[in-house]
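A structural walkthrough
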Amino acid sequence: MVDLSRRGMLTGSWRNASAGIRPPWSKEDSHFLAHCLRCDACIQACETDILQRGQGGYPSVNFKHGECSFCYACAEACPESLFLPRHTRAWDLNFTIGENCLAHQSVECHRCQDSCEPMAITFRPTLSGIYQPQLDNQDCNGCGACVAICPVSAINAEYNHGQ
């Protein structure tokens with residue numbers, strides 16, 4: 001949440017409302033933050049419960065709760081029309097697999113690959129005998145299924161730098 005205390009106001013920490021991943025099809029962050037009513041309509045409409053109140057009360061995606069089904073219900077529920085048309089790309093996210101991945105710790109695990117419908121995650125053999133994950137963000141649709149299923153929370157999502 002935003003720190004609205006006197007100290008928070010003086011230090012400017014209240015401005016950090018842009019942290020987090022906005023719902024799919026959200027217009028640019030500055031427009032979204034300026035016009036969002038924080039009414040929770042999109043959060044209530046989310047069929048997979050990945051939308052929650054983030055910093056400043058703005059809707060934010062939490063892939064640890066599940067994956068996005070791209071149902072477009074969040075966009076349809078918005079009274080302010082803060083979303084792009086459905087035929088456009090939902091968002092431009094970059095997923096990364098961290099060093100705490102079980103495969104990096106010499107433990108066989110393929111849960112992320114098994115949950116990845118577009119098959120953007122593959123495992124390649126290495127000299128150590130433990131297959132290592134490779135994530136192709138070009139093939140990734142950004143659903144976040146790999147984040148939710150990872151037993152050690154090794155997969156993270158963030159906007160591509162162009163956003």
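Above this text is the structure in question.
Here is a short report on the structure shown in this document.

Cut-offs applied
Residues numbered from 1 in each chain as written. Predicted model: local features only at pLDDT ≥ 70, side-chain atom pairs only at ≥ 80, totals over all residues. Heavy atoms only, no water. Phe/Tyr/Trp six-rings, centres within 6.5 Å; stacked < 30°, edge-to-face > 60°. Helix = DSSP H or I, 4+ residues; strand = E, 2+ residues; numbered from the N terminus. Buried < 20%, exposed > 50% of the residue type's maximum accessible area, 1.4 Å probe, protein only. Lys NZ or Arg CZ within 6 Å of the ring centre and 35° of its normal. Salt bridge = Lys/Arg side-chain N within 4 Å of Asp/Glu carboxyl O.

1. Re the packing of aromatic side chains
Within the structure shown, the criterion is met by 6 aromatic pairs. Here Phe 63 and Trp 91 contribute two aromatic rings whose centre-to-centre distance is 5.7 Å and whose plane-to-plane angle is 90°, an arrangement assigned as edge-to-face. You can see Phe 63 sitting in the loop between strand E2 (59-61) and helix H4 (73-77) and its partner Trp 91 sitting in the loop between H4 and strand E3 (93-97), a full 28 residues away along the chain. Note on Phe 63: relative accessible area 5%, which makes it buried. Classification of Trp 91 by relative accessible area gives buried; the value is 5%. Between the aromatic rings of Phe 70 and Trp 91, the centroid separation amounts to 6.4 Å while the plane-to-plane angle is 65°, which identifies the pairing as edge-to-face. Highlighted residues: Phe 70 in the loop between E2 and H4 and Trp 91 in the loop between H4 and E3, separated in sequence by 21 residues. An aromatic cluster of three or more residues is present, and its members are Trp 25, Phe 63, Phe 70, Tyr 72, Trp 91 and Phe 95. Seen from the ring of Tyr 58, Arg 38 lies directly overhead, with NZ or CZ sitting 4.5 Å from the centre.

2. A few points about the pattern of salt bridges
Per the counting criterion, the structure on display carries 2 salt bridges. When the shortest N-O distance is used, the salt bridge between Arg 22 and Asp 29 registers 3.0 Å. The class for Arg 22 is buried, based on a relative accessible area of 2%. Note that Arg 53 and Asp 40 form a salt bridge whose closest N and O atoms lie 2.9 Å from each other. Linking Arg 53 in strand E1 (residues 51-53) with Asp 40 in the loop between helix H2 (29-35) and helix H3 (41-45), this pair joins segments that are 13 residues apart in sequence.

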